[in-house]
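# Secondary and tertiary structure notes
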Amino acid sequence: MPTPPRPDAVPELEFVHLLRAVAVELGLHSARFANQNGMHPTDVRALIALMDARRAGEEMTAGRLGAELGLNSAGTTALVDRLERAGQVRRVRGERDRRRVVVEVEERAVELGQAFFGPLIERSLELLRGYDERQLAAIRGFLGGVREAAAEGRE
């Protein structure tokens, strides 16, 4: 088995370790939100996926939601039922195809998330405002590339 490189031998590893630390902190932040609101961490991931779809103007079926979260059909149904009972989501007919049932996030859930995550989002925006367009493009490229690399194992 090859010996891993010393951290000082690969300076870029600093960024990998920093990114890992950021991911851990964001996960802990999300877990605090879930805990404070009597949710499972998967519930929070589902609400994020639904808000992302809404922001993109896309409809989200339960099947697509389950695929994005890595859940089987039974797990997805239980998740959507739980979120619906909690008043976080609703099932509605699709606008483009009335035969489809889509899952939409309730405004109440958006407001709850904004109240908790808003300060972190605002602080992140403040940090980004300190970078010029070239630097922002580099950050965007790096984060997008890492996201793509992490998603490769999903299929």
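These numbers come from a predicted model, not from an experiment.

## Details of the overall build of the protein chain
Within the protein chain one finds six helices and two strands. Going residue by residue from the N terminus, the α and β elements of the protein chain occur as α-α-α-α-β-β-α-α. The dimensions of the protein chain, computed from C-alpha atoms along their principal axes, are 55 × 40 × 35 Å. Sorting the 155 residues of the protein chain into buried and exposed places 24% on the buried side. Residue pairs in contact within the protein chain that sit at least 24 positions apart in sequence constitute 46% of those at least 6 positions apart. When the accessible surface of the protein chain is split by element, carbon and sulfur atoms take 57% of a total near 11100 Å².

## Topic: the side chain of H29
Topologically, H29 is positioned in helix α1 (residues 13–36). H29 sits in the buried class, given a relative accessible area of 16%.

## Some remarks on the pattern of salt bridges
Under the defined criterion, the tally for this structure stands at 13 salt bridges. Between R54 and E107 there is a salt bridge; the shortest N-O distance is 3.2 Å. Taken together, the positions of R54 in helix α2 (residues 41–55) and E107 in helix α5 (residues 107–128) put the pair 53 residues apart, joining distant regions of the chain. Taking the relative accessible area as the measure of exposure, R54 reaches 42% and is therefore partly exposed. The closest approach of N and O atoms between E126 and R123, which form a salt bridge, is 3.8 Å. Placement of both E126 and R123 in helix α5 is noted, with a separation of three residues, approximately one turn of the helix. E126 sits in the partly exposed class, given a relative accessible area of 42%. Through salt bridges with shared partners, a single ionic network connects E58, R64 and E68.

## A few points about the layout of surface pockets
Here the idea is plain: a probe the size of a water molecule rolls over the atoms and shows the empty space left. Estimated volume of the second largest pocket: approximately 210 Å³. Contributions of two or more residues to the lining of the second largest pocket are made by α2 and β2 (101–105). The residue inventory of the lining of the second largest pocket, partitioned by class, reads five nonpolar, one polar and seven charged.

Rules of the game
- Residues numbered from 1 in each chain as written.
- Predicted model: local features only at pLDDT ≥ 70, side-chain atom pairs only at ≥ 80, totals over all residues.
- Heavy atoms only, no water.
- Helix = DSSP H or I, 4+ residues; strand = E, 2+ residues; numbered from the N terminus.
- Buried < 20%, exposed > 50% of the residue type's maximum accessible area, 1.4 Å probe, protein only.
- Contact = heavy atoms within 4.5 Å.
- Areas by Shrake-Rupley, 256 points an atom, 1.4 Å probe, with all protein chains shown as cover.
- Salt bridge = Lys/Arg side-chain N within 4 Å of Asp/Glu carboxyl O.
- 1 Å grid on protein atoms, 1.4 Å probe; cavity = no way out; pocket = protein on both sides within 12 Å on 5 of 7 lines; lining within 4 Å.
- Points joined across faces, edges and corners; volume = space filled by probe spheres on them.
- Nonpolar A, V, L, I, M, F, W, Y, C, P; charged D, E, K, R; others polar.

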